[in-house]
Amino acid sequence: MTNRRENAILAAPLVLFLLAILGFPTVLALVYGVSDTSFQTLTSPEFSGLANFRQVLADPTFWQAAWFSLRFGAITAVLQCALGLALAVYLAPLVRLHGWTVAILIIPMIVAPAMMGLMYRLVLHEFAGPLPHYLYQWLGWSPAFLSPAHVFKTVVVAETLQWTPFAFLLFLTAYQSIPEDLREAAAVDGTRPWRRFWTIELPLMLPTVWVALFIRFIDGFRVFDNIYTLVGAGPGGSTTSMSIYIYETFLRRGEIGKAMAAAILLFVTAFLALALAQRLTRKAAR
Amino acid sequence: MADLRLEHLSKRIGGHSVTHDVSLSVPDGAFCVFVGPSGCGKSTLLRLIAGLEEASAGRILVGGRDVTQVPAWDRDLAMVFQSYALYPHMTVRDNIAFALRSARRPEPEVAAKVAEAARILQLDSLLDRKPAQLSGGQRQRVAIGRAIVKQPKLFLFDEPLSNLDAELRVHMRLELARLHRQLGTTIVYVTHDQVEAMTLATQIVVLRDGRVEQVGSPLQLYDAPDNLFVAGFIGSPKMNLLAATRQGDRLVLPGCGGQSVPLPPLAALPAEGVPLHLGLRPQAISATGAQSLDLVIEVVEHLGSETLVHARAPGSAELVTALVTGGRTLSPGQPFTAGFGTAALYLFDPTGQRLR
Ligand SMILES: Nc1ncnc2c1ncn2[C@@H]1O[C@H](COP(=O)(O)OP(=O)(O)O)[C@@H](O)[C@H]1O
Ligand SMILES: [Mg+2]
């Protein structure tokens, strides 16, 4: 009981600080979300109740964007974690001998995602890009990376290549923190390396796996800059993520109230997902 | 169950020789203890046997089978680690069952063997706990349980008692002795504690700097140490080791005010004037004795029925320790006559080798 009060007192300054910083934009977003607002009426929003939310939920483009973000977040998170885990386990002995190799492996993470998108835009360009050029030269064939048929795969690969190092780094730390004598005990107990991975190492890394999956999913779900600089909203809106949808609604179409309503929906969904994930991990830890 | 043979086993780590040409034969059913000071390479030797380290040279034979190149998981041994190395994400039951499940034994057999091990080690009520919920002694028993279920050819123990408090250590020592009698499996046991070695072993291997100094039964090592190191290491309190030189048929002790004692029976006499070491166990000293040294008591430790006396010749450097029965009236400053027989004397040459 006193513990709870102490916690509240100790957390109060942080909460106040966050409220002060985030409070104003949040209040503004809430106000615009329930108002009929355009750039002309920014200073005098007119209350419109839940009309914006109704409009958003009735917009097929919103649902298309939500579906894109969900798929993109889930697929990239799973790919990155699987690749990152495999790399971490495979490269751990090398890293132990030569620590500096990690620095090379995490370079993609340091590049700004927007730059990454631009770079792929150059490299994959159908007429000017080096990759299609050489594929044509050597194989006489090249997929149209940015065409409606392939663009989803392309952005998934781009995102995965950039952020697998993040998962790798998390898993490497988790892998290295497993006490060596557990592996040795398992070996003496008659367990081959492959089985040792499934029975000892992976279970001990499981909390990290959940955390990595969750972080990468949220990050993928909110994806904006690399996709926007690579293909924009995509052919036929095929790469419109939630963030891109909000951005376009806001700036391109000037429907500020609707954009804010979508942003609030996105936030609430993310918050619920976070709460759920936290509950699940706490349950798993027990 | 199997015997163990090491043939010219060596291990170099980074150009530094950690195990040096170790040859050893441990008979089937023995309780063999590797003992030596910290850092002498005991763990390395044990890990070589387990297959956790690769030998640089030499052979390891378990039950006559050469396992030098066999990976750890195919050697069919069991090891108890100093840290216990329990799998933290598994219950006690799953920890104990782990080796059997790795060997893909049928589940009813696994359950039966786990129950049997739990009964022997009194772990029945703890089977559903995780290692984090156990005390040190309980973890230790789980680690032993994990080793005994698989009925291995050989048990390997690396300082299993060193993380326990003194009382529990004595208790577990008895438990281990009982377990060995009950199972009859060959045990190789590492410790830096010579008391543990003396009380548990049927065969002691004294190690120093990666070399075998002497192999023998506890009493063989106590009664007939081969060299200065073994003499000083085995036995508690430590053997007195005094500087000595031969003059005629007597040994002069410069560290004891130049007093002299007769030579013990020797096959060949050492050269006169060569610096020798004279060994005399504290237990061999009493108030009476054919020979004696005149000393003055410096410190007295009353143990009850026995008394530990530390004394030296006036103005001399070397302290002599004696363990005498009774001795309740002894106190510092009193003169003390340390009596002994010549048969109790050990003589070592300048390189530390025993002269016989
Ligand atoms: N991986 C290693 N790298 C370098 N030196 C080691 C390694 N393992 C052990 N040693 C050295 O080998 C010697 C023996 O170690 P160890 O077998 O652990 O001794 P003990 O168990 O008798 O205390 C020590 O001097 C130690 O420093
Ligand atoms: Mg050790």
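Since we're looking at a predicted model, the values are computed, not measured.

Caption draft 1: Looking closely at the overall build of chain A. Along chain A, the regular secondary structure elements total 13 helices and two strands. By principal-axis analysis of the C-alpha atoms, chain A measures approximately 75 × 75 × 30 Å. In chain A, of all internal contacts separated by at least 6 residues, the share reaching a separation of at least 24 is 67%. For chain A, the accessible surface area stands at approximately 16,700 Å², while carbon and sulfur atoms represent 72% of it.

Caption draft 2: Seen up close, the site of ligand 1. Residues and elements named next belong to chain B. As a matter of local geometry, ligand 1 sits amid Ile-13, Val-18, Ser-38, Gly-39, Cys-40, Gly-41, Lys-42, Ser-43 and Thr-44. One of the side-chain nitrogen or oxygen atoms of Thr-44 is found 2.5 Å away from an oxygen atom of ligand 1. Within the complex, the protein chains bury 56% of what would otherwise be the 560 Å² of accessible surface of ligand 1. A total of three residues in the shell around ligand 1 trace back to one element, the largest contributor, which is helix α1 (residues 42–50). Here the shell around ligand 1 is composed, by residue class, of three nonpolar, five polar and one charged.

Caption draft 3: Examining the side chain of Gln-80 of chain A more closely. All names here are of chain A. Considering the arrangement of structural elements, one finds Gln-80 in helix α3 (residues 60–97). Reaching out from Gln-80, the side chain makes a polar contact with the side chain of Arg-216 at a distance of 2.6 Å. When residues no more than four places from it in sequence are discounted, the contact partners of Gln-80 are Glu-159, Thr-160, Trp-163, Thr-164, Ala-167 and Arg-216.

Caption draft 4: Expanded view of the interface of chain A and chain B. Taken together, the contacts link 18 residues of chain A with 24 residues of chain B. For the chain A and chain B pair, buried surface summed over both sides reaches about 1,800 Å², with 59% attributable to carbon and sulfur atoms. Put simply, chain A and chain B have three salt bridges between them. For the interface between chain A and chain B, the tally reads 11 residue pairs in polar contact (both at pLDDT 80 or more). When contributions to the side of chain A that touches chain B are tallied by element, the ones reaching two or more residues are α9 (180–188) and α10 (193–221) of chain A. Partitioned by chemical class, the residues of the side of chain A that touches chain B number nine nonpolar, three polar and six charged.

Caption draft 5: Just the confidence of the model for chain B, in detail. All names here are of chain B. Mean pLDDT for chain B: 92, with 100% of residues reaching 70 or above. Mean pLDDT in chain B bottoms out at helix α5 (residues 166–183), which sits at 89, and peaks at strand β3 (residues 31–35), which reaches 96. The complex prediction reports pTM at 0.83, with the ipTM value standing at 0.85.

Caption draft 6: Local environment of the pattern of salt bridges. Under the defined criterion, the tally for this structure stands at 29 salt bridges over all chains. Across the pair Arg-192 of chain A and Asp-74 of chain B runs a salt bridge whose closest N-O atoms are separated by 3.4 Å. Residue Arg-192 of chain A is located in the loop between α9 and α10, and its partner Asp-74 of chain B is located in the loop between β5 (65–66) and β6 (78–80); the two belong to separate chains. Arg-192 of chain A gets classed as partly exposed once you look at its relative accessible area, which sits at 48%. Glu-109 of chain B serves as the salt-bridge partner of Lys-113 of chain B, at 3.0 Å between the closest nitrogen and oxygen. On the criterion of helical spacing, the pair formed by Lys-113 of chain B and Glu-109 of chain B is a turn pair, its members being four residues apart in helix α3 (residues 107–120). Three or more residues joined by partner-sharing salt bridges are found here, namely Asp-59, Arg-253, Glu-255 and Lys-258 of chain A.

Rules and cut-offs
Residues numbered from 1 in each chain as written. Chains lettered and ligands numbered in written order. Predicted model: local features only at pLDDT ≥ 70, side-chain atom pairs only at ≥ 80, totals over all residues. Heavy atoms only, no water. Helix = DSSP H or I, 4+ residues; strand = E, 2+ residues; numbered from the N terminus. Contact = heavy atoms within 4.5 Å. Areas by Shrake-Rupley, 256 points an atom, 1.4 Å probe, with all protein chains shown as cover. Near = heavy atom within 4 Å. Polar contact = N/O pair within 3.5 Å; in protein donor to acceptor, adjacent residues only side chain to side chain. Nonpolar A, V, L, I, M, F, W, Y, C, P; charged D, E, K, R; others polar. Buried area = accessible area lost by both parts, 1.4 Å probe. Salt bridge = Lys/Arg side-chain N within 4 Å of Asp/Glu carboxyl O. pLDDT = per-residue confidence, 0-100. Buried < 20%, exposed > 50% of the residue type's maximum accessible area, 1.4 Å probe, protein only.

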